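Below are the chains, spelled out letter by letter.
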Amino acid sequence: MQPDPQDTSGLAEPRVLIVGLGMIGGSLARALRAAGFEGEIVACDRDAIEIARGLEMGVIDDGGTSLAALVPRSSLIVLAVPVLAMEGVLHALAPLLDDQVVTDVGSTKQAIRDAARRVFGGLPPTMVLGHPIAGSEKSGVAASDASLYRRHKVILTPEADTDPVALMRVRAMWIACGAEVLEMTIERHDEVLARTSHLPHLLAFSLVDTLARQDERLEIFRYAAGGFRDFTRIAGSDPVMWRDIFTANRTALLNALDDFENGIAGLRAAIAADDQDALLATLDRASHARHYFDTLLNKTRYQTMEPRNVRYRVSPGGSVSGSIRVPGDKSISHRAIMLGALAEGVTQVQGFLEGEDSLATLQAFREMGVAIEGPHQGRVTIHGVGMHGLQKPAGPLYVGNAGTAMRLFAGLLAGQAFDTELTGDASLTRRPMGRVADPLRLMGAVIETADGQRPPLRIKGGQQLEGIAYDMPMASAQVKSCLLLAGLYAEGETRVREPAPTRDHTERMLNGFGYPVHRQDDVAWLEGGGRLSAGPIDVPSDISSATFFLVAAAITPGSDLILEHVGVNPTRIGVINILKAMGADLELLDEHEVGGEPVANIRIRYVPLQGIDIPAEQVPLAIDEFPALFIAAANAAGTTRLRGAEELRVKESDRLQAMADGLQALGVEATLYEDGIDIVGRGGGQDEDGPSYGGGQIDSLGDHRIAMAFTIAGLRAGDEIVIDDCANVATSFPGFVDLARRVGLQLDEEG
Ligand SMILES: O=C(O)C1=C[C@@H](OP(=O)(O)O)[C@@H](O)[C@H](O)C1
Ligand SMILES: C=C(OP(=O)(O)O)C(=O)O
């Protein structure tokens, strides 16, 4: 939660003493004042001129050069002197301290704790070490800034015996300044800061110094523009302060420097050897890393129950018309990156889905050393590394919300020479992974899971896999694909029998990359040990995304909509078959094939729908489309019955339950079964144009498809539908809100 910068209620200090009135201490004083702090603010500095300036600027109420005069009536003391000056200040303070709470703002923490131990025999419980992660290259009280800490992080490093009241008081001070207060151990703080702050400062100082000592230095500085200026701004920082920090955090800084030297050596070698792919892999990884880690950090907050609540507000009514193209197919986008990375040569992809799920797959390959350019407007260029060219990633591979990524990666990584760990967001962490881990173990893979065979997955590298013949207990394209990908690395044949046809994009794309995959009846198989050769991939629009608009048009009188360039692979068109069986007026135009996948434009016009018993064989062919199809059912005449769909319970949410709850909230009768649902449609009444159900509040449970299904339900609602927890729509359908508005929905997005 963002602290209220005006809230000083937790801060009841009669007098705050700031020791060291520089830019950091001065900014603290000004921030407290600006927040309406009513106590006294005094400062001590050995430089009387700084104190005089502080008084003149109105930053402090009183001040001087002697601690003895200022400590006694103060309640909270903030040490804002350079790190190596701390020990001297602590010595001077020791005889003066009574029950004051003491804190500091030093950039390293172990050195200050060591100093306190030498002075006091231990870190006193009333001393709370802290560090605001804010600053500037400027110094002195004249450079102070009342907003320096606003929305910045302050790290406090309490110890086991720190007085909780002291901690609370220091925390209250920073919250009053508008900061976000975090806690971590002293050791962790020093390691983190060595990498994120101390190393970059060291590099900036070093680069400027190196260039400044060269003969043509004037020329260098004269022409040094953007890059040099950006990179070296911090080299103008206070030398004493930074000498102290580098000295005080010696061990952690040297470790960070070692890592950096390895990285630089790698780049040097790549340049020397004219290894453009290696160079691009590093540059690309770096250029995307900042954005990616921001997203990742948001996810972490999301998991820890501070949801980024994106809320949709759908006004009732609207019509649906036009001609639109929805984003690229998610299943094919994942596979394009995976196979492109393992291929020999360069794979050009167009139509790539720039959604969070497929971007997670892309990032994971970057972390395994693959050079990938883009995405730029759906174009991605993958510099394949060959079947054995992946490198061990530095840490766990985080695949967010994407079940497909985790399960396909499990197969692919089981055959690598190195260990890996796969992690995901809260929803993915609840999903079953035994369905891939068990058969992979039969192939000889070594995989550890968390309780209940859930993520994270720890996959041991260096195992020789053996082909197996596996009868899948459920119709799952993810399991089939996982085993086929592991089969690429296995000895002999890997055969997978599916109880019902499932999407066959993996088989098609492998064949397209020159790797033979055979099929006879319900069995697909391949022989391990082959090679993939790169080729272009044109990703069609995702029929699962198109479905929301197909249903929107199917339920809204007067609608006439064309969805362009949609993938209509026979293993994906359950939604078309089911809508047609319900009576929808739907036709495929301009059917043709791109890169081994059939595509078409789909035209759909409104006619009243009938409820049906959904044929069992259509279930796997429409597995992701059911949330939207349930909305079609709610608008049809009569009851729609679905059975044999227990897989819906283990998607991003329990989709049977989530949809039943939502439909009931709108006033639609829905009866749940273990493997399905009956929905009593509200269509077929006298007033064909009137609303089918009411409005209401829906919890999407963070499931993109639940969120989008209830959005289109708004077209036939009698009142507003408000849908919570919609941020994950971005996993599969970036731009959904804009497109929905474009075809005629009245939709607002909040948060
Ligand atoms: O292979 C794939 O790309 C997918 C397979 C399906 O999952 P299951 O294999 O679990 O049915 C589907 O729900 C998912 O969205 C994508
Ligand atoms: C189930 C889905 O995806 P995944 O399994 O990849 O999370 C989906 O997109 O509906």
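The model shown is predicted, which means the values in this text are computed figures rather than measured ones.

Another aspect to go through is the pattern of salt bridges. One pass over the full model with this rule turns up 48 salt bridges. With a shortest N-O distance of 3.8 Å, Lys-153 and Glu-180 are connected by a salt bridge. Of this pair, Lys-153 sits in strand S8 (residues 153-156) while Glu-180 sits in strand S9 (residues 180-183), and the two are 27 residues apart along the sequence. Classification of Glu-180 by relative accessible area gives partly exposed; the value is 24%. Close ionic contact of Asp-542 with Arg-572 constitutes a salt bridge, the shortest N to O distance being 3.0 Å. With Asp-542 in the loop between strand S23 (537-538) and helix H20 (543-555) and Arg-572 in the loop between strand S24 (560-567) and helix H21 (574-581), this pair connects stretches of sequence that are 30 residues apart. The exposure class of Asp-542 is buried, given its relative accessible area of 2%. Each of Arg-431, Arg-503, Asp-624, Glu-652, Arg-655 and Asp-703 takes part in a single network of salt bridges with overlapping partners.

Take the domain arrangement of the chain next. Once the domains are mapped, the chain shows domain 1 (15-184), domain 2 (193-274), domain 3 (311-321 + 540-750) and domain 4 (331-537). For domain 1 versus domain 4, the separation of C-alpha centres amounts to 53 Å.

As a further point, take the sheet that holds strand S13 (residues 371-376). An order of S13-S14-S12-S23 is seen for the four strands of this open sheet, with the pairing classed as mixed. Of all strands in the sheet, those bounded by a partner on one side alone are S13 and S23. Across four bridges, the pairing between S13 and strand S14 (residues 379-383) is antiparallel. Within S14, the position partnered with Ala-371 by the bridge is His-383.

Turning our attention to the site of ligand 1. By nearness alone, every residue bordering ligand 1 is listed as Ser-331, Arg-335, Thr-404, Arg-407, Ser-476, Ala-477, Gln-478, Arg-503, Ile-623, Asp-624 and Lys-651. Ser-331 is positioned such that a nitrogen or oxygen atom in its side chain is 2.6 Å from an oxygen atom of ligand 1. Backbone polar atom of Gln-478 to an oxygen atom of ligand 1: 2.8 Å apart, as the coordinates give it.

Phe-549, Leu-579, Phe-626, Phe-630, Ile-631, Phe-710 and Phe-736 are the most contacted members of the largest nonpolar core, which has 83 residues in total. When residues in this core are grouped by element, the largest group, 10 residues, is from H20. When sequence neighbours within four positions are dropped, the list of residues in contact with Phe-710 reads Ile-631, Ala-658, Met-659, Gly-662, Leu-663, Leu-666, Ile-698, Ile-721 and Ile-723.

Across all of its chains, the model carries 10 aromatic pairs by this definition. With 5.0 Å between their ring centres and 75° between their planes, Tyr-149 and Trp-174 make a pair best called edge-to-face. Taken together, the residues span a long stretch of sequence, with Tyr-149 in the loop between strand S7 (130-132) and S8 and Trp-174 in helix H6 (residues 164-176) at a distance of 25 residues. Trp-174 shares its class with Tyr-149; the two are buried. In textbook terms, an aromatic cluster arises when at least three aromatic residues are bridged by ring pairs, as seen for Tyr-312, Phe-548, Phe-549, Phe-733 and Phe-736. Sitting over the face of the ring of Tyr-673, Arg-643 holds its NZ or CZ atom 3.8 Å from the ring centroid.

Owing to its 3.6 residues per turn, the α-helix aligns residues three or four sequence positions apart on the same side. All of the buried residues along H21 are Gly-574, Val-575, Ile-576, Ile-578 and Leu-579. In the core, the buried residues of H21 are packed alongside H20, strand S25 (585-594), strand S26 (597-605) and helix H22 (626-635). Backbone geometry just after H21 places Gly-583 at a positive phi near 105°.

Time to look at the pairing of strand S16 (residues 420-423). In the sheet, strand S15 (residues 397-398) pairs with S16 via two bridges, with the strands oriented parallel. Across the sheet, Tyr-398 pairs through a bridge with Thr-423, a residue of S16. Once you follow S15 into helix H15 (residues 403-414) and on to S16, the crossover reads as right-handed. The sheet contact formed by S16 and strand S18 (residues 454-460) spans three bridges and is antiparallel. The residue of S18 that forms the bridge with Leu-422 is Leu-457.

The local shell around ligand 2 holds 13 residues, among which Lys-330, Gly-403, Thr-404, Arg-431 and Arg-705 are the closest. Here an oxygen atom of ligand 2 sits 2.8 Å away from a polar atom, N or O, in the main chain of Gly-403. Compared with its free state, where it exposes 300 Å², ligand 2 has 98% of that area covered by protein. Of all elements in the fold, only H15 and helix H24 (704-713) reach the threshold of two or more residues within the shell around ligand 2. Within the shell around ligand 2, the residues separate by chemical class into one nonpolar, five polar and seven charged. When we break the shell around ligand 2 down by domain, the ones giving at least three residues each are domain 3 (311-321 + 540-750) and domain 4 (331-537).

This brings us to the sheet that holds strand S2 (residues 40-44). Read across the sheet, six strands follow the order S3-S2-S1-S4-S5-S6 without closing on themselves; strand pairing throughout is parallel. Whereas interior strands pair on both sides, the edge strands pair on one side only; in this sheet they are strand S3 (62-64) and strand S6 (127-128). Across four bridges, the pairing between strand S1 (residues 15-19) and strand S4 (residues 76-79) is parallel. The partner of Val-19 across the bridge, within S4, is Leu-79. Packing of helix H2 (residues 48-57) onto the sheet brings it into contact with S2 and S3, and relative to S3 it is tilted by some 170°.

Calculation notes
- Residues numbered from 1 in each chain as written.
- Chains lettered and ligands numbered in written order.
- Predicted model: local features only at pLDDT ≥ 70, side-chain atom pairs only at ≥ 80, totals over all residues.
- Heavy atoms only, no water.
- Salt bridge = Lys/Arg side-chain N within 4 Å of Asp/Glu carboxyl O.
- Helix = DSSP H or I, 4+ residues; strand = E, 2+ residues; numbered from the N terminus.
- Buried < 20%, exposed > 50% of the residue type's maximum accessible area, 1.4 Å probe, protein only.
- Domains from an automatic or database assignment.
- Pairing = 2+ DSSP bridges.
- Near = heavy atom within 4 Å.
- Polar contact = N/O pair within 3.5 Å; in protein donor to acceptor, adjacent residues only side chain to side chain.
- Core = buried A, V, L, I, M, F, W, Y, C linked by side-chain atoms within 4.5 Å.
- Contact = heavy atoms within 4.5 Å.
- Phe/Tyr/Trp six-rings, centres within 6.5 Å; stacked < 30°, edge-to-face > 60°.
- Lys NZ or Arg CZ within 6 Å of the ring centre and 35° of its normal.
- Right-handed = clockwise from strand over helix to strand, strands pointing away.
- Areas by Shrake-Rupley, 256 points an atom, 1.4 Å probe, with all protein chains shown as cover.
- Nonpolar A, V, L, I, M, F, W, Y, C, P; charged D, E, K, R; others polar.
- Axes fitted to C-alpha atoms, helices over the stretch in contact; angles between N-to-C directions.

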